[in-house]
Amino acid sequence: MTDRQDPDNLRLNNKSQLLKPAEKSSEAFEETKQESLIHVDHVSGFRLRNRWLSETNLVKLASSTKFVPIQQLPQHVAQWRSVRISAKPSDDWATAGVVDRVITDRDVMTLRLCDMRGHRCHVFFTKQALRSIPQDRLVVGAVLGVHYSTIVWSKELDAPPALQIKKRQQLWEIGTSFDMVQCVGYITKSKQCTTMIDRRAGEYCNLHMVRLFSSSRNGRMELASSDSKLDIRWATRLQNKDGSIQYQDASTGTSERDNKEYTYTVQPYGPVTTDGKMLQKKPVKDPKKEEQNREQVSKFLQGRTDTGALLLRKLHGIKNEHDTRPKGLSREAMDRMGIDTRQLLTKEEQSAKAESIKRLRETQASKSEQKKPRYVYL
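Not measured: the values here are computed from a predicted model.

## Some remarks on the overall build of the chain
Next, step 1: Along its length, the chain carries eleven helices and 16 strands.
Next, step 2: The contacts in the chain between residues at least 6 apart in sequence include a share of 54% that link residues at least 24 apart.
Next, step 3: As displayed, the chain has an accessible area near 28,000 Å², and 52% of this comes from carbon and sulfur atoms.

What follows is the structure in structure tokens.
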């Protein structure tokens, strides 16, 4: 005798199965409702989760200046280094992007703006600008605009454009991005990938996407071909001189550009790297530690009068009261050693020489005043 299903349970199962599409439709409705509430910035083109600067004020600021997208910054910045004779380009221009990396330091802060399409721009904030800008605005995922900034140059040819901000008025605090998220891939078991990506393009960055695809290619025959659509989608399209098109693997080049640090000349700090390191930074001296070190050296050199001890005392600024030896050789000692002393003058000779030079200059000045004028004005 076969077991029969309980009709009540059958109705419940059918009811649960009927509710699943309804649940999916409700979730889709909530997603569409959330997307309808998203603010789209018409100046920068980014979707905003939160807006800090009102749209009317932003339109007023952008209407009086030239807006340059990040992907066009290299061509725009190259005008300042052009060898062609033309009119000087105007400094009244602006750009905007999403912050995908923040590196803070005591004197300078480095941000990296991107358009989530592979184009980047570095922005350096000086110490004066950091005092007036709230730190909660300079975070990853913030949409910022840069206006009337200073262009910072690098000696590296492949370096992306870089700008410097000295005042808060040069910064547009637009809002926070809705589409920028962190890659869900892991570098190690406990360390998540720090690459920021566009959520509309997926959950993984280019490098992890290629790794996942290559690992699944071995077990799936439909992915065994090397010219699959996924490779073409994530590849970089390059055009050769002969007109042919070449596709570069997304895993090669992209990660190298992301990890490479560039050096720019930022005033008044000198060369500064994009990871916040100042190459000409002077070490901060602690007066208490210097005094303790000076006392230790003086105790160690106590009673010593050799040449090394004299040099160490001079280096640390220690005065030895018991050292009565002359600091230099006398004229008699130099004569005995055979050193020519004709160039050495006494104080009286030096004063007489200075007076004679002064009189000679006065006579030359009086003669120049007595000369006839070169031009005659009629």
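The discussion continues.
## Points about unusual backbone geometry
Next, step 1: With an omega dihedral of 0°, the bond running from Gln267 to Pro268 counts as a cis peptide bond.
Next, step 2: Within the fold, Pro268 resides in the loop between β15 (263-266) and β16 (270-273).
Next, step 3: Of note, the phi angle at Met116 is positive, near 60°, even though the residue is not glycine.
Next, step 4: Along the chain, the position of Met116 falls in the loop between β5 (109-114) and β6 (120-125).
Next, step 5: The backbone phi angle of Tyr148 is positive, close to 55°, even though this residue is not glycine.
Next, step 6: Position of Tyr148 relative to the elements: it lies in the loop between β7 (142-147) and β8 (150-152).

## Focus: the packing of aromatic side chains
The description of an aromatic ring pair uses the distance of the two centres, along with the angle that the planes make with each other.
Next, step 1: If you walk through the whole model with that rule in mind, you get two aromatic pairs.
Next, step 2: Seen from their ring centres, Trp80 and Trp93 are 6.4 Å apart, and the 50° between their planes marks the pair as tilted. One end of the pair, Trp80, is in the loop between α3 (73-77) and β4 (93-103); the other, Trp93, is in strand β4, with 13 residues separating them in the sequence.
Next, step 3: On the accessibility criterion, Trp93 (2% relative accessible area) is buried.
Next, step 4: Lying over the aromatic face of Phe178, Arg199 brings its terminal NZ or CZ to 4.6 Å of the ring centre.
Next, step 5: Here the basic side chain of Arg304 rests over the ring of Phe300, its NZ or CZ set 4.5 Å away from the ring centre.

## Digging into the pattern of salt bridges
Next, step 1: Overall, the coordinates contain 14 salt bridges when judged by the stated rule.
Next, step 2: Between Asp198 and Arg200 there is a salt bridge; the shortest N-O distance is 3.1 Å.
Next, step 3: By relative accessible area, Asp198 is classed as buried at 5%.
Next, step 4: The class for Arg200 is partly exposed, based on a relative accessible area of 48%.

## Concerning the confidence of the model for the chain
Next, step 1: In this model, the chain carries a mean pLDDT of 78, and residues with pLDDT of at least 70 account for 74%.
Next, step 2: Predicted confidence for residues 1-22 stays below pLDDT 50, and this span has one contact to residues more than four positions away or in other chains.
Next, step 3: Counting interchain partners and residues more than four positions distant, the pLDDT-below-50 stretch residues 228-232 has seven contacts.

## Considering the side chain of Thr176
Next, step 1: Secondary-structure assignment places Thr176 in strand β10 (residues 171-177).
Next, step 2: For Thr176, the residues in contact, after removing those within four places along its chain, are Arg47, Leu48, Arg49, Asn50, Trp52, Gly141, Ala142 and Val143.

## Some thoughts on the nonpolar core
Next, step 1: Ranked by internal contacts, the top residues of the largest apolar core, which has 23 residues, are Leu111, Val123, Phe125, Leu138 and Leu144.
Next, step 2: Counting residues per element, the ones that place at least two in this core are α3, β4, β5, β6, α4 (127-132), β7 and β9 (162-165).
Next, step 3: Setting aside anything within four residues of it in sequence, one finds Leu111 in contact with Val99, Arg101, Val102, Cys121, His122, Val123, Phe125, Leu138 and Leu144.

## Considerations on the environment of Gln79
Next, step 1: Its place among the elements puts Gln79 in the loop between α3 and β4.
Next, step 2: With relative accessibility at 40%, the residue Gln79 sits in the partly exposed group.
Next, step 3: The sequence separation of Gln79 and Pro89 amounts to ten residues, and the corresponding C-alpha distance is 7.0 Å.

## Some remarks on the pairing of β5
Next, step 1: Of all six residues that make up β5, six are buried, and the element is covered over most of its length.
Next, step 2: Where burial is concerned, the two faces of β5 agree: the one with Met109, Leu111 and Leu113 and the one with Thr110, Arg112 and Cys114 are both buried.
Next, step 3: The pairing of β4 with β5 spans five bridges and is antiparallel. Of the residues in β5, the one forming a bridge with Arg101 is Arg112.
Next, step 4: Turn length for the β4-β5 hairpin, with the two strands adjacent in sequence and antiparallel, is five residues.
Next, step 5: As paired elements, β5 and β6 share six bridges and run antiparallel to each other.

Cut-offs applied
- Starting from 1, residues in each chain are numbered consecutively following that chain's sequence as written.
- Only residues with pLDDT of at least 70 get local features here, since the model is predicted, and only at 80 or more are side-chain atom pairs given and counted; chain-wide, interface and lining totals rely on the full set of residues.
- Side-chain figures throughout are based on the complete set of non-hydrogen atoms in the structure, without hydrogens or water.
- To qualify as a helix, a DSSP run of H or I must reach at least 4 residues; to qualify as a strand, a run of E must reach at least 2; elements of each kind are numbered from the N terminus.
- Should any heavy atoms of two residues lie within 4.5 Å, those residues are counted as being in contact.
- The accessible surface values rely on the Shrake-Rupley method and a 1.4 Å probe; as for residues, cover is taken only from the protein chains in view.
- Side-chain rings of Phe, Tyr and Trp (the six-membered ring for Trp) are treated as a pair once their centres are within 6.5 Å; stacked means planes under 30 degrees apart, edge-to-face means over 60, and tilted covers the remaining angles.
- Between buried and exposed lies partly exposed: a residue is buried under 20% and exposed over 50% of the maximum accessible area for its type, with that area taken using a 1.4 Å probe on protein chains only.
- Our definition puts a charge over a ring when NZ of Lys or CZ of Arg is within 6 Å of the ring centre and also within 35 degrees of the ring normal.
- Salt bridges are defined as contacts in which a side-chain nitrogen from Lys or Arg sits within 4 Å of a carboxyl oxygen from Asp or Glu.
- Per residue, pLDDT captures the predictor's confidence, and it can take any value from 0 to 100.
- Only buried residues count toward a nonpolar core. Its members are Ala, Val, Leu, Ile, Met, Phe, Trp, Tyr and Cys residues joined through side-chain atoms within 4.5 Å.
- Following DSSP output, two strands are said to pair if at least two bridges run between them.

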